[in-house]
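As a plain string of letters, each chain reads:
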Amino acid sequence: MASIRRTLSPVPRAGIALNGEACNVSSPLSRSSLSALNYPSSGALPSSPFAPPDKRLKQKSQYSWRRAVFHFSVCFMFGMFIGCTPFASLNLSTNIASSKNQAFMSDANTTSLSLESEARNDHVILGPQSKEQEGAKDVTGTDVDSNADDTRLVMENIFVEVKSTLIVVTPTQTGPFQAYYLNRLAGTLRLVPPPLLWVVVEMNAQSPETADVLRKTGVMYRHVVCDKNLTDVKDRRIHRRNAALSHIAAHRLDGIVYFADAENIYSVDLFEDMRKIRRFGAWVVGKVSERRNRAMLEGPVCNGTQIVGWHIDRSKRWARARRFHVGMSGFAFNSTILWDPKRWHRPTLEPIRQLDNLKEGFQVTAFVEQIVEDESQMEGLPPGCSRVMALLALLMVIGVRLGHER
């Protein structure tokens, strides 16, 4: 048989010369062959861990930069959220508090309306009740009247009436009857429900006798000193009252100011009526004429609480020339007029003080003209001005008369 031979060229080996020439043949598993198979000649990034070092560093730098930007953005947004949280919580708490207050007021209003309806129903029932009505009880087995009484007590505790503070100003000086007059006035003030502040004013310094009397009265007081140097002043009580007014204005005391001399006598009802004063209130005061032969009335003539005229002392010719016929113990006013002129629309910002350079009898009316403009800004107490609320040194005058008669 004929044989067929293929002419195959031998595979050259590394380091063996072929046809007299040196030949370098790469191994099938050499690094150069792998690189030729796996890495094309294009500029694509390598996909194996055997990438060149410079390309791996570039890839890591790009990844770290992106991660830093991401972390920064997340922290920035979280910080903005934390910074806005306190304002949102404050608004939320305010809204919750306002809603609770509205709910409370609505409950209180509904309760008050129910109380009014119950009161009307109680007043509608007239005449004697039958035995069945007297023994009527509600579903729970308790009396209806007892429930109504309990509800009224609760409402009284909720709606507490706020009373104005009475600021009673008393000028005093050391003397044989000082302790007697102060103790008598303190006994009247102790009967007045609080709040009440007694401002006692002395000249130059606080005397130990006055301080000892005030400590034993049981009345809340302030011991004020007028340190003005006075030599030829007829009535030093004017400057003592001015010192009290300065004290009230400096400390912004809020209440009703009343000038109560220790020698006079006052009704306890007068102090309760003072708390109703809005701006300025006046009332009738009883006194004895200068000749001490008859009693007189000094103060307003009222139609309800509106002042329509004045009681005039016809024995004095100059009395008709006064604008307001009232004494220092016949009126009281709101203390905020002294230190809050814008609230009362006062035309001037000068302090309100009693003047000592006027004739006797015109000092009081000049002081009142600084507080009010006319009778429309006044209130008469009590309604109708039908009661004498204070007596001006009546006992002292009667005692002098009895002494002369003896």
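- As named in an unreviewed UniProt entry, the chain is Glycosyltransferases, taken from Punica granatum.
- Among the UniProt annotations of the chain, the heading Function (unreviewed entry) holds the following wording: "Involved in the synthesis of glucuronoxylan hemicellulose in secondary cell walls."
- Under the UniProt heading Subcellular location (unreviewed entry), the entry covering the chain gives this text: "Golgi apparatus membrane".

**Quick word on the overall build of the chain**
Then step 1. If you tally the helices and strands in the chain, you get eleven helices and twelve strands.
Then step 2. By residue count, 32% of the 406 residues in the chain fall in the buried class.
Then step 3. Expressed as a percentage of contacts within the chain between residues at least 6 apart in sequence, the contacts between residues at least 24 apart total 68%.

**Things to note about helix H5 (residues 178–190)**
Then step 1. An ideal rise of 1.5 Å per residue puts 18 Å on 13 residues; H5 measures up with 18 Å between its terminal C-alpha atoms.
Then step 2. Along H5, the residues that are buried comprise Gln-178, Tyr-181, Leu-182, Leu-185, Ala-186, Thr-188 and Leu-189. Buried residues along H5 cover an arc of 155° about the axis, so they all sit on one side.

**Some thoughts on a nonpolar patch on the surface**
Then step 1. Together, Phe-72, Phe-76, Met-77 and Met-80 give the surface a local cluster of nonpolar side chains, amounting to about 490 Å² of exposed area.
Then step 2. Inspection of the secondary structure puts Met-80 in helix H2 (residues 53–124).
Then step 3. On the accessibility criterion, Met-80 (45% relative accessible area) is partly exposed.

**Describing the packing of H5 against helix H6 (residues 208–217)**
Then step 1. Interaxial distance between H5 and H6 falls to 10 Å at its minimum, and their mutual angle equals 25°. When the axis of H5 is compared with that of H6, the two are roughly parallel. With respect to the hand of their crossing, H5 and H6 are arranged in right-handed fashion. Facing Gln-178, Ala-179, Leu-182, Asn-183, Ala-186 and Arg-190 of H5, the residues of H6 in contact are Thr-210, Val-213 and Thr-217.
Then step 2. Taken together, the residues that form the contact of H5 with H6 break down as four nonpolar, four polar and one charged.

**Describing the pattern of salt bridges**
Pairing between side chains becomes possible if they bear opposite charge and their charged atoms approach one another.
Then step 1. Enumeration over the complete set of coordinates arrives at nine salt bridges.
Then step 2. A salt bridge links Asp-261 to Arg-237, with the shortest nitrogen-to-oxygen separation between them at 3.6 Å. You can see Asp-261 sitting in the loop between strand S4 (256–259) and strand S5 (265–266) and its partner Arg-237 sitting in helix H7 (residues 237–251), a full 24 residues away along the chain.
Then step 3. Given the relative accessible area of 9%, Asp-261 is considered buried.
Then step 4. Among the charged side chains, a salt-bridge network with shared partners connects Asp-212, Arg-215 and Lys-216.

**So, the pairing of strand S12 (residues 388–391)**
Then step 1. Two strands pair when backbone bridges link them, and S5 and S12 are joined in this way by two bridges, in the antiparallel orientation. Bridge pairing in S12 links Tyr-266 to Ala-390.
Then step 2. The sheet contact formed by strand S7 (residues 284–288) and S12 spans three bridges and is parallel. Bridge assignment links Val-284 to a residue of S12, and that residue is Val-388.

**Details of the side chain of Gln-354**
Then step 1. Its location among the elements puts Gln-354 in the loop between helix H9 (336–339) and helix H10 (363–369).
Then step 2. When its relative accessible area of 5% is taken as the criterion, Gln-354 is described as buried.
Then step 3. Within the structure, Gln-354 has its side chain in polar contact with the side chain of Arg-241 (distance 3.5 Å).

**With respect to the pairing of strand S9 (residues 306–311)**
Then step 1. Strand direction decides the pairing type here: strand S8 (residues 295–303) and S9, joined by five bridges, are antiparallel. In the sheet register, Pro-300 faces S9, and the bridge partner there is Trp-310.
Then step 2. The turn joining S8 and S9, which pair antiparallel and follow one another in sequence, is formed by two residues; a positive phi near 75° is taken by Gly-304.

**Here's the deal with H7**
Then step 1. Given a rise of 1.5 Å per residue, 15 residues ought to cover 21 Å, and the 21 Å separating the end C-alpha atoms of H7 matches this to within 8%.
Then step 2. Judged by how many residues are buried, H7 sits mostly within the fold: eleven of 15 residues are covered.
Then step 3. Arg-252 occupies a position one or two residues after H7 and carries a positive phi of about 50°.

**Notes on the nonpolar core**
Then step 1. Core analysis: the biggest nonpolar cluster contains 40 residues, and Phe-259, Phe-280, Phe-331, Phe-333 and Val-368 have the highest contact counts within it.
Then step 2. Residue contributions to this core peak at five residues, all from H7.
Then step 3. The residues touching Phe-333, leaving out its near neighbours within four places in the chain, are Leu-245, Gly-255, Ile-256, Val-257, Phe-259, Arg-279, Phe-280, Leu-338, Phe-367 and Ile-371.
Then step 4. Formed by 29 residues, the second largest nonpolar core is a distinct cluster that contains Leu-182, Met-274, Ile-277 and Leu-381.

**A closer look at the packing of aromatic side chains**
Then step 1. Following the criterion strictly, the structure yields 15 aromatic pairs and no others.
Then step 2. Relative to Tyr-181, the ring of Phe-177 lies with its centre 6.3 Å away and its plane at 40°, an arrangement referred to as tilted.
Then step 3. Look at Phe-177 and you get exposed, because its relative accessible area is 54%.
Then step 4. For the ring pair Tyr-266 and Phe-271, a centre distance of 6.3 Å and an interplane angle of 65° mean the geometry is edge-to-face.

Parameters at a glance
Residues numbered from 1 in each chain as written. Predicted model: local features only at pLDDT ≥ 70, side-chain atom pairs only at ≥ 80, totals over all residues. Heavy atoms only, no water. UniProt positions renumbered as here; feature names shortened; annotations may be inferred. Helix = DSSP H or I, 4+ residues; strand = E, 2+ residues; numbered from the N terminus. Buried < 20%, exposed > 50% of the residue type's maximum accessible area, 1.4 Å probe, protein only. Contact = heavy atoms within 4.5 Å. Expected span 1.5 Å × (residues − 1). Arc of directions from axis to C-beta. Patch = residues over 30% accessible without salt bridge, like charges linked within 9 Å, V, L, I, M, F, W, Y side chains within 5 Å. Areas by Shrake-Rupley, 256 points an atom, 1.4 Å probe, with all protein chains shown as cover. Salt bridge = Lys/Arg side-chain N within 4 Å of Asp/Glu carboxyl O. Axes fitted to C-alpha atoms, helices over the stretch in contact; angles between N-to-C directions. Parallel < 35°, antiparallel > 145°, perpendicular 65-115°, else oblique. Left-handed = near helix turned anticlockwise from the far one by under 90°. Nonpolar A, V, L, I, M, F, W, Y, C, P; charged D, E, K, R; others polar. Pairing = 2+ DSSP bridges. Polar contact = N/O pair within 3.5 Å; in protein donor to acceptor, adjacent residues only side chain to side chain. Core = buried A, V, L, I, M, F, W, Y, C linked by side-chain atoms within 4.5 Å. Phe/Tyr/Trp six-rings, centres within 6.5 Å; stacked < 30°, edge-to-face > 60°.

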